[in-house]
Each structure stands twice: as C-alpha cells, then as structure tokens.
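Residues per chain are reported as follows:
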Amino acid sequence: MPNPPTGLSERQFRNALTRFEEIVGRDWVFRTDEDVALYRDAYSPLWGEEEERHASAAVAPISVEEVQDIVRVANDFRLPLYPISTGRNLTYGGSAPAYSGSVVLDLKRMNRILEVSERDKTCLVEPGVSYFDLYRHLRQNNIRLWIDTADPGWGGLIGNALDRGGGYTGTDFRDHFDAHCGMEVVLPTGELLRTGMGANEQATTWQLFKYGMGPWIDGMFSQSNFGVVTKMGFWLMEEPQAAKQVSITVPRREDVFALVDIVHSLICDHTIPSQTTVASPVMNGSTDPELVRLRTSGGSSDADWNDYAQSVGRPFWNASFVLYGAQKVIDMQWEHIRDRMGVIPGVQFRETASYTFPLSDEEAEAVPDKARYGIPSLNLFGSRNAPGQQPSEGHLDFSPMIRPRGEELIALYDLTGKIYGDFGLTPSAAMGMMFHARTMICFHAVPTFRNAEDNQRTRALFETLVTSCAEQGWNIYRIHAHFQSLGMSVFDFNDNALHRLHETLKDSIDPRGVISAGRYGIWPRHLRGDDA
Amino acid sequence: MLNRRELLRNGITVSVLNGLPIGITHSVPPVCSAAGVIDRRLTGAIEMTRRLRQSTDHLHFFSGDPGLLWMNTIEPALRTEPMKIAGFTSAPTLFCLQYLARDYGLILETQAIGVGDSVVTNEWQSGLLDLRDLPLSDPGIPLTWVLAPKRV
C-alpha cells in the first residue's frame, strides 16, 4: 500500500479508507500500489523523481450522497482529496494530485446524462460523462444537437469546462466554461449547493439562465479547490443545415498583420462563427537546419523569412475556419469574407470541405477535422512524435494568450523560438488559435521524457517560457499542476492580491483543507507554513 | 458500468487470437470473447487481417483515428462483457486504447514491432507502454499487441 498522506499515521489512514469502504463498498476503494499507479501522470515532467506527485489511494463514488459522505470523512481525518472527472487531460497533469499523498476522488462512475432538452438545446450531466458518451447519446437518440468537444475528445465535459478548456464550433459553445449554465457542488463541509437558478428547486430555467440572484459564484469553482462539482448544465449547438471549411493563405510574413486584423473583425461582427487558427506552413515545416536557424535566431528579418518561404514554395500564413448555417447564408458569408480579404496582395482562397447534415456514421468517420463538427476524436495522438524528432513520452501544453495582432504573434514566436533554441530543442509549431473572440492562444508543446536529465531541461525550459512571456504581457490561461504556483505567481498586481484573496476564501470555505490542496497555487493554511 | 473486479474475475472459456505472431500467441490466456483492431493505413495491415481472421470474426478497421471505433464499438462491448483486444496500430494509437481500456480492467499483455516475431512482454507496473524502448520517432511504424483482462 502507498504511503499515507503527510500528517496521518498509517493507522489513521487505514481507518479513513475503511470508512470510505463503508460508504462506497470495498470494490471502489483502491489502495494497492498497482491500482494507485493508474492515477500517475503519464506525461509527468518529474517522472520517477522524488518530487513526482503520487496519490496515496483512490475512492470512486457513484452518487452525490456518497461524495458528501466521503468529504465529511475527509474532514474528520483532515485527509486531502483530489477530485477528478475522467482524469485524461494529460498535458495539464492528468489524474495525479497537485499535492502528493492526496486520495483521488475518482468521479468516473458518476456518468449519467441526466437530461438533454432538444427544445431548449441544453444538457445536464455528471462529472464522469465524456464527450464520447454525450455524442453517442445524441446520435443514438437522433437528437439534432452538437456537442463542442475538446481535442482529443476522450475527456469529460465537466472537467474540461472547470479547467477552462476550449473547442472548435460556434462562439457561444467553444469556451467550455462560458457554455455552462448552472452547477451543483458539494462544498468542503459536505453541504450541497446549486448555483444560478438552481438555487430555487422549482425553477424551470436552471440550464437556461446563468445568474440566478445575488453574486454569481460559478467562476469560483473553476481552476480552483473550493468544492466538488457533481452536476453541470451546458448549452448545446443546434445542428446546422450545412458547413463549409475554408483556408485563406497569404504569401509574405508581414501579411499576417492584415490577415489577423481582418479575421478578428470578421469574428467580432459574427461573420466567422468558428474557432479560427492562424498558422504558418513555413515556420511549421520540417527540422531543416535553415528553418531551425531562423526560428531560434530571436528575430530574423521579414526579408530572410520571405526568401526562405519562397525556397520551400509555401505561403507564409494560413487561416482556417468553418462557416455553419443555412447554405445560402454560408455562400454570402464566404463572398463577404473574400471581399474583405481581397485587399491583401497574393491572398488565395480554398474551400477544403463542405457538408450537409446530418452525417451518416460512415460520413462522420471520414471527416478529417472532426472536432470542428462536434465529433470527438483521438486524431491528435497520431502526431505525438513528429518524424525526425527525438521520441518523447508526451508533452506539456504551454499556452500563452496574446492580443489578436499579427505583430504580437510574430514577436511571441521569435521569443519562444529563441528560448527553445537556447535549451537545445527544436521550437514548437507556431499558430495562434482564436478559441475566444478577442484573444489568441498560442499552444506550444514542451516535450516530457522518462528520464530525470531530460526532464530537468524540460522544466527549466517551461519555467523560462512562463516568466519570459509574462514579462511581455503574454500570460498563460491554464497550466500543468506542477507549475500552478509559478503560473499564479505572475498574476502579481498589488503584491499578488488576487492570490491572497483565493487563500482567504480557501480558509473560510475549506478550513481543514481537504479539497485539492495546491490546485492553482491555492494551499490551505496548514500547508502554507504561515499558521505556526 | 461493470464492476472492475468482477470483470477481472469473469469466466474465461474459449481460446482465440491464434493468428497472432509467434511469441504472442503462447502467452494469450483463454478469454470469452475477443476483437481485432487494425489501422488499415499501415504496411502489413493486409497480412495481419489475414492472420487475425483465423481467430475472430470481430475485426474492426480504422484509418489513423480510433476515436469513433472506440466510442461506437469497443467501449459498448466492454461495458457488457470482458474482452481481449488484439491490435495492429501505431504506438500512439496503442497508447490511447491502452489508456481508455484500463478503465475496463484491461492491461497491455504483449506487444511486438511490425508483423514479425520479435516480442516484448510488458511487466505490469505503471500500466503504460514504455515508449522509449521502441523506435517510435515514426508513427508509421506498426505494432502488434494484445490488451487483455488483468488476471487476479
């Protein structure tokens, strides 16, 4: 059996697990090394090192009442719990706890789709419901609604939304936390809470109107440790009549200024409804030494880059997105977009796919870019190891957020390319992704390994990326569990006033510190070292 | 959802998967049902299809992305009965299926590179394939493998 959490004797730990067994049954408390190893972070940047975060056990309830009872027992023993929904968000820490020794509260068995209203275009689900589950339910019941899936799609709706993940379809749906409407939470005391209109048991609008009355507190339960979310409502997208996926390319490096400005304008005026990716077919090329030299130089000139682009025969930038709706509306939108983009010399337009809905199973299988049509997939894993690159075990996502401006996109990749080069690594692919209408998220893959030497370099690279980008005003929107204290530390206005408020709330709501200690840098008082 | 321990204890009756490469078949215990999954893009897929057809009628094909195959076929089957899965896929696909299938009590039992006879048997530790031991810089390199209910 793994070691007990710090502060608990082996006897106390055994007694706590016995109490858990009385609640959920013996089969659903996992205490052997073999079982607990399943909760290890498969992409851990600390794999095999002393500081790697490990669970001490896991407990898998099937009902809200069981969650409440488990939380109450945790309070009795001051036992740290770490709730997970499906625990598959590997690039952000997976199912391993933020605080070693925590007992994983595995909510995968709570996998009921409680309600789908085709008329209201909403659903209410439990934490174990995956994108696969909800997609399958909609298809099997011929419900003409779309999910907005994370990519890869093996995760759960609630876990992804609470970590503020994103998807690819319509503006109202792809910010997964923003697309939720109403939640049920087990507070750290074991008390049950419903937010928004759900605070009134007779309300018919729990999944339709977010705010209810009084302060709107749902945000407190995202990227935090103030409770265990046991239900969440979501808005679903009505299946469109048709969709057209398009690609717009521009030839020169400096064309990205106009390209991004126009894309941003078209998103804000609702002409472009979908997530839009602005990527560079030139900068995301092979491991050609000249490309690596340019990427790691810290700022090669437009002329040098354009010469290189000509030599490889590729346009410098590509913007790709999808138009959804009635076919004749799509045709007019596309005409308008081409008119707006026509001011860029050398711009080219391509229709890469067109669909009418519903799709048959065979047609859905054949869609190459499934997430853009609400179809969960595992396609991203096909690129885990790029040709010619050193095999790695996985990667961390480093995801700085910038203004949607071409000059900022170039400056970011000049900076991060040089940092990767300084650490002896090939720079990550370059792209700005507009999950949100008014910002770009620029994902970077930072490789992780299964040896300490390479991982030490990975961690140093990651920390340098975080701090260097923060100095430029490019903060991350989300971060792997190991780096969450670092991530919060750069949000330092007025001597980290925001973080201090988080901990003030933690002390009030979870005085015994039993829920997700350390998550997003929020530690309970007894683990902060300032309560002596 | 099936009780995980019940699943592992469940009845084991008919031997299948005799069509796997030498070295894999010897370690395959009898199970009550089995399926094969084949990435039709990989070199050797036709040969592996021929071999697996000798063992099971439940062969499923996909092209690179096993997501819909998992969602529509494999996971529903695993929810009803324990099953052994043989595969001919890239390493990233194996990683995905291994990760998903472990919630149903399946572990990686054997793996080999290509359709050849070189077999690596994984010890059950972290439950995850140690990718460093394989030439995985090219995701086009095929692996032959078996995921099987963990014996208790």
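Residues numbered from 1 in each chain as written. Chains lettered and ligands numbered in written order. Predicted model: local features only at pLDDT ≥ 70, side-chain atom pairs only at ≥ 80, totals over all residues.

J.: Would you take a moment to explain the overall build of chain A for this structure?
T.: For chain A, the helix and strand inventory stands at 15 helices and 20 strands. Computed over its C-alpha atoms, the radius of gyration of chain A comes to 24 Å, within 12% of the 24 Å expected for a compact globule of 532 residues. Across its three principal directions, the C-alpha atoms of chain A cover 70 × 55 × 45 Å. Considering chain A as a whole, with its 532 residues, one finds that 51% of them fall into the buried category. Partitioning the intrachain contacts of chain A with sequence separation of at least 6 by distance along the chain shows that 72% fall at a separation of at least 24. (Helix = DSSP H or I, 4+ residues; strand = E, 2+ residues; numbered from the N terminus. Rg over C-alpha atoms; globule rule 2.2 N^0.38 Å. Buried ≥ 20, exposed ≤ 12 C-beta atoms within 10 Å, placed from the backbone. Contact = placed C-beta atoms within 7 Å.)

J.: So what exactly am I meant to see when it comes to the overall build of chain B here?
T.: In terms of regular secondary structure, chain B is built from four helices and six strands. In chain B, the succession of α and β elements from N to C terminus is α-β-α-β-α-β-α-β-β-β. For chain B, with 152 residues in total, the buried portion stands at 47%. For chain B, long-range pairs separated by at least 24 residues make up 72% of all intrachain contacts whose partners lie at least 6 apart in sequence.

J.: I'm lost on the environment of Gln54(B) in this one. Help?
T.: Within the secondary structure, Gln54(B) sits in the loop between α2 (45–53) and β2 (59–62). In this structure, the C-alpha to C-alpha distance between Gln54(B) and Tyr104(B), residues 50 residues apart in sequence, is 26 Å.

J.: How should I be thinking about the domain arrangement of chain A in this particular structure?
T.: When the parts of a complex come together, some accessible area is lost, and that lost area is often taken as the interface size. Residues and elements named next belong to chain A. What the domain assignment lists for chain A is domain 1 (10–106), domain 2 (113–238), domain 3 (242–478) and domain 4 (483–528). Once you take the C-alpha centre of each, domain 2 and domain 3 turn out to be 28 Å apart. In this assembly, 23 residues from domain 2 lie in contact with 19 residues from domain 3. Of the residues forming the side of domain 2 that touches domain 3, the biggest block, three residues, is contributed by helix α4 (residues 131–140). (Domains from an automatic or database assignment.)

J.: Which parts of the structure should I look at to understand the environment of Met232(A)?
T.: All names here are of chain A. Here methionine 232 shows up in strand β10 (residues 228–235). Classification of methionine 232 by C-beta neighbours within 10 Å gives buried; the count is 30. Separated by 147 residues in the primary sequence, methionine 232 and serine 85 place their C-alpha atoms 12 Å from one another. In this structure methionine 232 touches Val125, Leu157, Ile158, Ala161, His180 and Met183, once residues within four positions along its chain are discounted.

J.: How should the sheet that holds strand β3 (residues 81–84) of chain A be read in this particular structure?
T.: By way of backbone hydrogen bonds, the strands of a sheet pair with one another, either parallel or antiparallel. All names here are of chain A. Sheet architecture is open: four strands sit in the order β1-β2-β4-β3, paired in mixed fashion. Two strands bound the open sheet, and with one partner strand each, they are β1 (29–30) and β3. Relative to strand β4 (residues 103–106), strand β2 (residues 57–59) is paired through three bridges, and the arrangement is parallel. Within β4, the position partnered with valine 59 by the bridge is leucine 105. (Pairing = 2+ DSSP bridges.)

J.: Any chance you could explain helix α14 (residues 493–509) of chain A here in plain terms?
T.: One turn of an α-helix holds 3.6 residues; hence residues three or four places apart share an orientation. The end-to-end C-alpha distance of α14(A) is 24 Å, a good match for the 24 Å that 17 residues give at a rise of 1.5 Å each. At Arg500(A), α14(A) is bent by approximately 35°, the largest bend along its length. (Expected span 1.5 Å × (residues − 1). Bend = angle between axes of the 7 residues up to and from the residue.)

J.: Looking at this model, I keep getting lost on unusual backbone geometry. Mind explaining?
T.: It is generally the case that most residues other than glycine have a negative phi and that most peptide bonds are trans. Residue and element names in this part refer to chain A. Following aspartate 151, the chain continues to proline 152 via a peptide bond in cis, the omega torsion being 5°. Relative to the elements of secondary structure, proline 152 occurs in the loop between β7 (145–146) and α5 (157–162). With omega at 10°, the peptide bond leading from phenylalanine 357 into proline 358 counts as cis. Although it is not a glycine, glutamine 223 adopts a positive phi angle of roughly 45°. Despite not being glycine, asparagine 494 has its phi angle at roughly 50°, a positive value. Along the chain, asparagine 494 turns up in helix α14.

J.: What is the right way to read the nonpolar core from this model?
T.: The nonpolar side chains of soluble globular proteins are, as a tendency, buried together. Residues Val59(A), Val103(A), Leu259(A) and Leu147(B) are the most contacted members of the largest nonpolar core, which totals 175 residues. Element by element, the count of residues in this core is highest for helix α4 (residues 91–101) of chain B, at eight residues. Once residues within four sequence positions are removed from consideration, Val59(A) is found in contact with Phe20(A), Val24(A), Trp28(A), Val29(A), Ile70(A), Val103(A), Leu105(A) and Asp106(A). (Core = buried A, V, L, I, M, F, W, Y, C linked by C-beta atoms within 7 Å.)

J.: Teacher, can you tell me more about the sheet that holds strand β9 (residues 192–194) of chain A here?
T.: All names here are of chain A. Taking strand neighbours across the sheet as the criterion, the five strands line up as β5-β6-β10-β8-β9 in an open arrangement whose pairing is antiparallel. Since the sheet does not close on itself, it has two edges, and those belong to β5 (113–117) and β9, each with one partner. If you compare each strand with its neighbour and ignore which way they point, the axes differ by 10° on average. Two elements, strand β6 (residues 122–125) and β10, share four bridges in a ladder whose sense is antiparallel. The partner of leucine 124 across the bridge, within β10, is glycine 233. (Axes fitted to C-alpha atoms, helices over the stretch in contact; angles between N-to-C directions.)

J.: It is not clear to me how the pairing of strand β4 (residues 106–113) of chain B should be interpreted in this structure. Could you clarify?
T.: For a regular strand, side-chain orientation follows a simple rule: the groups alternate between the two sheet faces. All names here are of chain B. Buried residues dominate β4, accounting for seven of its eight residues. Here β4 pairs with strand β6 (residues 142–149) via seven bridges, running antiparallel. Note on β6: the bridge partner recorded for isoleucine 113 is leucine 143.

J.: Even after reading the chapter, I still don't get the confidence of the model for chain A, so can you show me in this structure?
T.: For chain A, the average pLDDT comes to 95, and 97% of its residues sit at 70 or higher. Of the regions scoring below 50 in pLDDT, residues 383–388 of chain A engages in 12 contacts with residues more than four places distant in sequence or in other chains. (pLDDT = per-residue confidence, 0-100.)

J.: Got a minute to help me understand the packing of helix α7 (residues 289–296) of chain A against helix α8 (residues 302–312) of chain A in this structure?
T.: Residue and element names in this part refer to chain A. In contact at an axis separation of 11 Å, α7 and α8 are set at 155° when each is read in the N-to-C sense. Taken together, the axis directions place α7 and α8 in an arrangement best described as roughly antiparallel. Crossing geometry of α7 relative to α8 is assigned as left-handed. Facing α7, whose interface residues are Glu290, Leu291 and Leu294, α8 presents Asp304, Trp305 and Tyr308. Classifying every residue of the contact of α7 with α8 gives four nonpolar, no polar and two charged. (Parallel < 35°, antiparallel > 145°, perpendicular 65-115°, else oblique. Left-handed = near helix turned anticlockwise from the far one by under 90°. Nonpolar A, V, L, I, M, F, W, Y, C, P; charged D, E, K, R; others polar.)

J.: Where do I start with the environment of Ile113(A) in this structure?
T.: All names here are of chain A. In this fold, isoleucine 113 is placed in strand β5. Judged by C-beta crowding, with 17 C-beta atoms within 10 Å, isoleucine 113 ranks as partly exposed. Spatially, the C-alpha atom of isoleucine 113 lies 37 Å from that of phenylalanine 449, the residues being 336 residues apart in sequence. Ignoring anything within four residues of it in the chain, the contact list for isoleucine 113 reads Cys123, Val125, Val129, Asp133, Leu134 and His137.

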